[in-house]
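Given next are the chains, with one letter for each unit.
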Amino acid sequence: MRRVAVALLACLAGCGGGDKLSSPPPSAPRQLTVTSPDFPANGSIPARFSCDGDKARPALRFAGVPAGAAELALIVVDPDAGGFVHWTAYALPPDTRALGATGLPAGAREGENSTGGMGWTPPCPPNGSHRYEFRLYWLKRPNGLDAGAKPDDVIAAVRASAGGSGLLAGVYQRR
């Protein structure tokens, strides 16, 4: 019984319990490049970025943002957990080319994740492996969202003005 309770708490902490996306992330032409110095595209996300490690946020790099972009928005989703949102960051200045392991550029904001908390929540699948999608969008106009926006509100704002997108996917395998 204790094992079941521990597994349930782990799942609620890292794979559910809050708002998940009610619709898939917006589609937009793929014209941005999103990379990380911490893991390769479609590769393994190291344990230090998970609930099994330091819970750190991986650094990200961006390229291909057009001159007409008003701002950038980032949505990190686990599609294998029904659209669990690990992080939303928006109102990123259009000249942002990287996000480090901590902090955000001046004026940028973070929204609520699917645990109900603010900011980054690390990969923590209940068992096996899950995919994690880091989706970057350039927006044609400012989104107007305050800090702490719900995941579906961020999706709606991005859907309303996305001009293009980029995707970095990784996999985390619990041992």
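Please refer to the structure placed before this passage.
Reading the values: rules and limits
- Residues numbered from 1 in each chain as written.
- Predicted model: local features only at pLDDT ≥ 70, side-chain atom pairs only at ≥ 80, totals over all residues.
- Heavy atoms only, no water.
- Pairing = 2+ DSSP bridges.
- Helix = DSSP H or I, 4+ residues; strand = E, 2+ residues; numbered from the N terminus.
- Contact = heavy atoms within 4.5 Å.
- Axes fitted to C-alpha atoms, helices over the stretch in contact; angles between N-to-C directions.
- Phe/Tyr/Trp six-rings, centres within 6.5 Å; stacked < 30°, edge-to-face > 60°.
- Buried < 20%, exposed > 50% of the residue type's maximum accessible area, 1.4 Å probe, protein only.

Chemist: Can you walk me through the sheet that holds strand β9 (residues 162-173) in this structure?
Modeler: Strand pairing in a sheet takes place through backbone hydrogen bonds and is either antiparallel or parallel in direction. A sheet is described by the order of its strands in space; here six strands give the open sequence β2-β9-β8-β4-β5-β7, paired in mixed fashion. Whereas interior strands pair on both sides, the edge strands pair on one side only; in this sheet they are β2 (43-44) and β7 (109-110). Note: strand β4 (residues 71-78) against strand β5 (residues 84-92), six bridges, orientation antiparallel. Note that in β5 the partner of V77 across the bridge is V85. The strands touched by helix α2 (residues 151-161) within the sheet are β4, β5, β8 (129-139) and β9, with β9 carrying the most contacts at an inclination of about 140°.

Chemist: In this structure, what is going on with the packing of aromatic side chains? I would like to understand it.
Modeler: The geometry of an aromatic ring pair comes down to the distance between the two centres and the angle between the two planes. Evaluated as defined, the whole model comprises three aromatic pairs. Where F39 meets F134, the ring centres are 5.6 Å apart and the plane angle is 45°; that geometry is what we call tilted. Linking F39 in the loop between β1 (33-35) and β2 with F134 in strand β8, this pair joins segments that are 95 residues apart in sequence. For F134, a relative accessible area of 2% corresponds to the buried category. With centroids separated by 6.2 Å and ring planes inclined at 25°, the aromatic side chains of W120 and F134 adopt a geometry described as stacked. Of the two residues, W120 sits in the loop between β7 and β8 while F134 sits in strand β8, which places them 14 residues apart along the sequence. A relative accessible area of 16% places W120 in the buried class. Each residue in the set F39, W87, W120 and F134 is aromatic and connected to the rest through ring pairs, giving one cluster.

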